[in-house]
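# Observations on the model geometry
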Amino acid sequence: AEDGIRDSVASRGLGDVYKRQGQAASAGIFNTLLAAAKATNLTDALYNDGPFTIFAPTDEAFSKLPDGTVESLLKNPIELAKVVKYHLIKGNIFSGDLNNGSSVLTVLGSPVSINTSNGVLVNNAKVVTADLEATNGVIHVIDKVLLPTT
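Report follows, based on the coordinates. (Residues numbered from 1 in each chain as written. Predicted model: local features only at pLDDT ≥ 70, side-chain atom pairs only at ≥ 80, totals over all residues. Heavy atoms only, no water.)

## Quick look at the overall build of the protein
Helices and strands together make up the secondary structure of the protein, namely eight helices and seven strands. Counting every position in the protein, which comprises 150 residues, the buried fraction comes to 45%. Put simply, the protein shows about 7,500 Å² of open surface, and 48% of that area lies on carbon and sulfur atoms. (Helix = DSSP H or I, 4+ residues; strand = E, 2+ residues; numbered from the N terminus. Buried < 20%, exposed > 50% of the residue type's maximum accessible area, 1.4 Å probe, protein only. Areas by Shrake-Rupley, 256 points an atom, 1.4 Å probe, with all protein chains shown as cover.)

Below, the structure written as structure tokens:
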């Protein structure tokens, strides 16, 4: 599965993944995240700006949210934009750059905590595939959606 994810996003930015939605859809990994980026008008920024590091939740991660959460967020673009920005970090950050007990400031302006004692955890989300280099940054695939507290 990890090789399939790498094949789907290697050498492309998240914006490229969005632009080639057919490939992302066939991979079945980031459709909800890409829909969220589109709904918040962040697609152009993700494609053209950067570099960014993104902690990218899979569709399965979104499906683990309580019933109605995704639908509610899609109806509230301001709150949805906060969620998307909470997954973005300015600059290229690889897993080896993350220190146990540290925090990283997100584009939203709120930090996420890092735990590297057993793999890599971002808040309570496990990095399942790390260090996917893209044209405009780095993608770390995570198993849960990060929800900001503010």
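## Focus: the pairing of strand β7 (residues 137-142)
Burial within β7 is extensive, with six of its six residues counted as buried. As paired elements, strand β1 (residues 52-57) and β7 share six bridges and run parallel to each other. Across the sheet, residue P57 finds its bridge partner in β7, namely I142. Examined bridge by bridge, strand β6 (residues 125-134) and β7 share five bridges and lie antiparallel to one another. By the bridge assignment for β7, E133 is matched with V138. (Pairing = 2+ DSSP bridges.)

## Brief notes about the packing of helix α4 (residues 31-39) against helix α8 (residues 77-85)
Relative to each other, α4 and α8 sit at 125°, their axes nearing to 9 Å. In terms of orientation, α4 and α8 fall into the oblique class. In this structure, α4 crosses over α8, and the sense of that crossing is left-handed. Contact residues: α4 offers A36, A37 and A39, while α8 offers P77, L80 and V84. Looking at the contact of α4 with α8 residue by residue, the class counts come to six nonpolar, no polar and no charged. (Axes fitted to C-alpha atoms, helices over the stretch in contact; angles between N-to-C directions. Parallel < 35°, antiparallel > 145°, perpendicular 65-115°, else oblique. Left-handed = near helix turned anticlockwise from the far one by under 90°. Contact = heavy atoms within 4.5 Å. Nonpolar A, V, L, I, M, F, W, Y, C, P; charged D, E, K, R; others polar.)

## A closer look at the sheet that holds strand β4 (residues 111-115)
With respect to topology, seven strands assemble into an open sheet ordered β2-β1-β7-β6-β5-β4-β3, the strand pairing being mixed. In this open sheet, the two strands that pair with only one neighbour each are β2 (88-90) and β3 (103-105). Of the strand pairs in this sheet, strand β5 (residues 121-122) and β6 are connected by two bridges, and their pairing is antiparallel. Within β6, the position partnered with L121 by the bridge is K126.

## Topic: the pairing of β1
Burial analysis of β1 places six of its six residues in the buried class, which makes it a mostly covered element. Residue alternation in β1 divides its side chains into two sets, F52, I54 and A56 and T53, F55 and P57, and both sets are buried.

## Remarks on the side chain of T69
Inspection of the secondary structure assignment puts T69 in helix α7 (residues 69-74). Accessibility expressed as a relative area gives 18% for T69, which makes it buried.

## Here's the deal with the nonpolar core
Residues F30, L33, I54, A56, F62, I139 and V145 are the most contacted members of the largest nonpolar core, which totals 23 residues. Elements that contribute at least two residues to this core include exactly α4, β1, α6 (59-63), α7, α8, β6 and β7. (Core = buried A, V, L, I, M, F, W, Y, C linked by side-chain atoms within 4.5 Å.)

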